[in-house]
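# Coordinate analysis (summary)
Below, each chain spelled out in residue letters.
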Amino acid sequence: MRRGRLFWQVLPWFVLSSLATVMVLVALAVPMWRAWHDQRFERHVELQASQLLPTIREHWPRRNETTLQQTCESWVRATGFGLRLRTADGTQILAMNFSRGAARDVRFLPSAWPANPQAYHIISLPVASGDQVLGSLEIGVPSVQQDLLLFSRNHAVSWILAVGGVLAVCYLCTRLAVGHVTAGLFKLTSHVDDFSGERPGSRWPEFDTVEFEKLSVGIQRLANRLKENILQLEHQNNQQTAVLASMAEGVVAFDTYHRVISLNQAAARLFDCDVRTVNGRPIDEVIRDGQLLEFAARTLEAEHPIEEDMDLGGKQMRYLQAHGTALRSMQGRVLGAVIVLNDVTRLRRLENVRRDFVANVSHELKTPITSIKGFVETLLDGALHDSENAERFLRIVAQQSDRLNAIIEDLLSLSKIEEREDRSDIILDKASIGAVLDNAVGQCQTKARERDIRIHVSHDEDCSVPMNAPLMEQAVINLLDNAIKYSDAGKQVHVSAQKSGAWLTVAVSDQGCGISQEHLPRVFERFYRVDKARSRKLGGTGLGLAIVKHIAQAHQGHVEVDSAVGQGSTFQIRLPAGDDRSDTPAAAEPPSELMATETVAS
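Residues numbered from 1 in each chain as written. Predicted model: local features only at pLDDT ≥ 70, side-chain atom pairs only at ≥ 80, totals over all residues. Heavy atoms only, no water.

### Quick word on the nonpolar core
Under the convention used in this document: Side-chain atoms within 4.5 Å are what join buried Ala, Val, Leu, Ile, Met, Phe, Trp, Tyr and Cys residues into a set we call a nonpolar core. Only protein chains enter the area calculation, which uses a 1.4 Å probe; residues under 20% of their type maximum are buried, those over 50% are exposed, and those in between are partly exposed. Numbered from the N terminus, helices here are DSSP runs of H or I no shorter than four residues, and strands are runs of E no shorter than two.
In this structure, Ile 433, Leu 437, Ile 455, Met 472, Leu 480, Val 506 and Ile 573 are the most contacted members of the largest nonpolar core, which totals 45 residues. A total of 9 residues in this core trace back to one element, the largest contributor, which is helix H14 (residues 469–485).

### Let's talk about the side chain of Ser 371
Our working definition: For this analysis, residues touch if any pair of their heavy atoms sits within 4.5 Å.
Secondary-structure assignment places Ser 371 in helix H11 (residues 345–380). Every residue in contact with Ser 371, bar those within four places of it in the chain, is listed here: Ile 396 and Gln 400.

### With respect to the sheet that holds strand S8 (residues 306–312)
Rules: DSSP calls a pair of strands paired once it identifies at least 2 bridges connecting them. Between N-to-C directions, angles cover 0 to 180 degrees, with each direction set by a line fitted to C-alpha atoms, over the stretch in contact for helices.
On the basis of which strands lie adjacent, the open sheet formed by 5 strands has the order S7-S6-S10-S9-S8 and antiparallel pairing. In this open sheet, the two edge strands, each paired with only one partner strand, are strand S7 (260–263) and S8. If you compare each strand with its neighbour and ignore which way they point, the axes differ by 20° on average. Its contacts with the sheet put helix H10 (residues 290–301) on strand S6 (250–255), S8, strand S9 (318–328) and strand S10 (334–343), and the angle it makes with S8 is roughly 170°.

### Comments concerning the packing of helix H13 (residues 433–450) against H14
In plain terms, the rule: Rotating anticlockwise by less than a right angle from the far helix to the near helix defines a left-handed crossing, while the corresponding clockwise rotation defines a right-handed one. Nonpolar residues are Ala, Val, Leu, Ile, Met, Phe, Trp, Tyr, Cys and Pro. Charged residues are Asp, Glu, Lys and Arg, and all others, Gly as well, are polar.
Where H13 meets H14, the axes come as close as 9 Å, and the angle between the chain directions of the two elements is 40°. The interaxial crossing formed by H13 with H14 has right-handed handedness. Contacts from Ile 433, Val 436, Leu 437, Asn 439, Ala 440, Val 441, Gln 443, Cys 444, Lys 447 and Ala 448 of H13 reach H14 at Ala 469, Met 472, Glu 473, Val 476, Ile 477, Leu 480, Asp 481, Ile 484 and Lys 485. Of the residues belonging to the contact of H13 with H14, the class tally is 13 nonpolar, 2 polar and 4 charged.

### What to know about the packing of aromatic side chains
Selection criterion: Here a Phe, Tyr or Trp ring, Trp counted by its six-membered ring, pairs with any other such ring whose centre lies within 6.5 Å, and the pair is stacked when the planes are under 30 degrees apart, edge-to-face when over 60, and tilted otherwise.
Considering all chains together, one arrives at 2 aromatic pairs under this definition. Consider the rings of Phe 375 and Phe 393, whose centres lie 5.1 Å apart with planes at 45°: the pair is tilted. Taken together, the residues span a long stretch of sequence, with Phe 375 in helix H11 and Phe 393 in helix H12 (residues 387–423) at a distance of 18 residues. By relative accessible area, which is 21% here, Phe 375 ends up partly exposed.

### Brief notes about the pattern of salt bridges
Going by this rule: By definition, a salt bridge exists where a carboxyl oxygen of Asp or Glu is found within 4 Å of a side-chain nitrogen of Lys or Arg.
Scanning all chains against the criterion turns up 11 salt bridges. Put simply, Glu 73 and Arg 77 hold a salt bridge, and the shortest N to O gap is 3.2 Å. Highlighted residues: Glu 73 and Arg 77, both in helix H3 (residues 65–79), separated by 4 residues, approximately one helical turn. The exposure class of Glu 73 is partly exposed, given its relative accessible area of 23%. Note on Arg 77: relative accessible area 31%, which makes it partly exposed. Between Lys 485 and Asp 481 there is a salt bridge, with the nearest N and O atoms lying 3.0 Å from each other. Of this pair, Lys 485 and Asp 481 both sit in helix H14, 4 residues apart, which is roughly one turn of that helix. For the pair Lys 485 and Asp 481, one class covers both residues: buried. Several salt bridges share partner residues, and in doing so they unite Arg 84, Arg 86 and Glu 138 into one network.

### A word on the pairing of strand S12 (residues 454–459)
Within S12, 5 of the 6 residues are buried, leaving the element largely enclosed by the surrounding structure. As judged from the 6 bridges shared by S12 and strand S14 (residues 492–500), these two strands associate in the parallel manner. Looking at the pairing, His 459 lines up with Ala 497 of S14.

### Focus: a nonpolar patch on the surface
Convention followed: Patch membership requires over 30% relative accessible area and the absence of a salt bridge. Like charges are linked within 9 Å, and nonpolar side chains (Val, Leu, Ile, Met, Phe, Trp, Tyr) within 5 Å. The accessible surface values rely on the Shrake-Rupley method and a 1.4 Å probe; as for residues, cover is taken only from the protein chains in view.
There is a patch of nonpolar side chains on the surface, built from Val 181, Leu 185 and Leu 215 and spanning about 200 Å² of accessible area. Tracing the backbone through its elements, the reader meets Leu 215 in helix H6 (residues 210–246).

### Focus: H13
Applicable threshold: Each helix should span, by expectation, one fewer than its residue count multiplied by 1.5 Å. Here the bend at a residue means the angle between the axes of two seven-residue stretches, the one that ends at it and the one that starts at it. Any pair of N or O atoms that falls within 3.5 Å is considered a polar contact. Within protein, one atom must be able to donate a hydrogen and the other to accept it, and sequence-neighbouring residues count only if both atoms are side-chain atoms.
For H13, with 18 residues, the first-to-last C-alpha span of 26 Å sits near the 26 Å given by 1.5 Å per residue. When the local axis directions of H13 are compared, the greatest deviation, roughly 45°, occurs at Cys 444. The N-cap of H13, judged by a side-chain oxygen 3.3 Å from the amide nitrogen of Gly 434 a few residues on, is Ser 432. At the exit of H13 stands Asp 452, carrying a positive phi of roughly 60°.

### So, the environment of Leu 480
As for its placement among the helices and strands, Leu 480 is situated in helix H14. On a C-alpha basis, the gap between Leu 480 and Asp 510 in space is 8.8 Å, while along the polypeptide they are 30 residues apart. In this view, Leu 480 contacts Ala 440, Val 441, Cys 444, Ile 455, Val 493, Val 495 and Val 508; residues no more than four positions away in its chain are not counted.

### Thoughts on the packing of H14 against helix H16 (residues 544–554)
It is the contact of H14 with H16, at a shortest axis distance of 9 Å, that shows an interaxial angle of 145°. As H14 packs across H16, the resulting crossing turns out to be left-handed. Touching Leu 471, Met 472, Gln 474, Ala 475, Asn 478, Leu 479 and Asn 482 of H14 are Gly 544, Leu 545, Ile 547, Val 548 and Ile 551, all from H16. Counted by class, the contact of H14 with H16 contains 8 nonpolar, 4 polar and no charged residues.

### Details of the pairing of strand S16 (residues 558–564)
Bridging between S16 and strand S17 (residues 568–576) involves 7 bridges; their strand directions are antiparallel. What sits directly across from His 558, in S17, is Arg 574. Once S16 ends, the chain turns through 3 residues before running back antiparallel as S17, passing Gly 566 with a positive phi of about 85°.

### Thoughts on unusual backbone geometry
With a phi close to 60°, His 258 is a non-glycine residue in the positive phi region. Within the secondary structure, His 258 sits in the loop between S6 and S7. Although it is not a glycine, Asp 272 sits at a positive phi angle of roughly 55°. Here Asp 272 shows up in the loop between helix H7 (265–271) and helix H8 (275–278).

### Description of H16
Within H16, 9 of the 11 residues are buried, leaving the element largely enclosed by the surrounding structure. Within the span of H16, buried status applies to Gly 544, Leu 545, Ala 546, Ile 547, Val 548, His 550, Ile 551, Ala 552 and Ala 554. Positive phi appears at Gln 556, one or two residues downstream of H16, with a value of about 60°.

### Describing the confidence of the model for the chain
Quick note on the threshold: The score called pLDDT rates the predictor's confidence residue by residue, from a low of 0 to a high of 100.
Taken as a whole, the chain shows an average pLDDT of 75; of its residues, 78% reach a score of 70 or greater. The low-confidence segment residues 100–112 (pLDDT under 50) makes 32 contacts with residues lying over four places distant or belonging to another chain. Note that residues 580–602 has pLDDT below 50 and, in this model, 47 contacts with residues that lie over four places away or in other chains.

### Digging into the environment of Ala 469
Relative to the helices and strands, Ala 469 is located in helix H14. In this structure the C-alpha to C-alpha distance between Ala 469 and Leu 437, which are 32 residues apart in sequence, comes to 9.9 Å.

Next up, the structure:
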């Protein structure tokens, strides 16, 4: 649609209305102007005839008729008017008319002059001599000639100037009128621009015109209402954004063209993308999983909400629970869909841990119980009277009972540690790690001597940190017990403690068989065994390292392991050394030098 300026749209109508007004005024003024022109023309003709009257009086007919006729003929030729003389009684004595032909000709019309009275304008002048009226002089001016005089060149120029002046006045009046209107409109437009740009200090203008004032008030009300609606929408949008951002579930909304409408932070973390750059992009550029894309397509076509469990590939396997719902308008037309993704990976892993734990506990408990039951039944069947075998069977029953008791005690101990860890009610007192290490080594020395293993202890002189001494002693004992079990006779076990920065590192190193890299991530799981046959043969319950891990976590620390097959293993417990825990565990450097007292137990 072609648009033009208001001035050029108004100007043609203004000019037409002005011209119509001028035409009406001209139609009313022309008769008066013609009458004024006729009077002026008659005076002009009378002035011309006044030059002829003296000769006519002097040579009145029947005195010198030839001279009179010649004088009149010369006057007719000079003026181009017709001429007729009458006596006082109305008798025509002379009539002549001028014809503008190739040969200038004066025609005498003694009988009927003029032949067409409407074609002439007659001006009659009396011919008097003293007080005596001799007759009359009638001068005939052709109407065409009078009209030509009326619309002569000078008059045409006047008419052109008049029309041009009217148009100029129309242009100026239009410019002034439109300028007054557009000035108010520009004023309003400028303020609307200021309002839309939210410029501070902008005020609505005041007008001295009622219409503009009403328009300004109406726009002001509309602008205030619009501003309130915008603020309300922004508030709702901020609320929705905050709700979506705080949701643990991932939310993805897309339209019928599979373009992303909205995506929250949780979904961005799932798909490893940036929330600020995904809006408007195709969903297959954001989601790379075929199973989830197929679920999105089915959501758009589904009449009711659907859900599905799926595995999401990537750097780490994740398990998702997806809920999809189509977005519909009030008329039922599909506008898009929204998918809510709940990451149940942790729940699945916990479920797997629980399942494995139940299976492992059942297996670990079943083995000694089966053994005890078998030997008891053997004794009841008659082996009790065989003193040699009965004693051997009873020793086996006692051994399996001790193993069963050890498993139960470790389970109870682990349960208590986890419970206290969850409640955060473990009492931490500042104690020396040296005393803890000495007590732990003292309890393990008997077993170490039986296997001909020497334990070396080294720690800093002043190495006191907040800890629960009995729990830390149990953790060190568990690590020493494993080191002694899996070390060959004649080897050495090193126990050390060193304070570095904001962290205390307790390390237990052995020279045993070592652990392959594939088992390292799982050695701290309950009942996980690297060599199941050897572990059971050595009497392990499979819970020692799990207890060590939870004791470290109860102290807000962590446990690490470094091992190589055939070279031995090193287990490290890292604990916060004081109230300042701003450093991260990664900042703790492994002990580079063992200082102070070194004790060798053999």
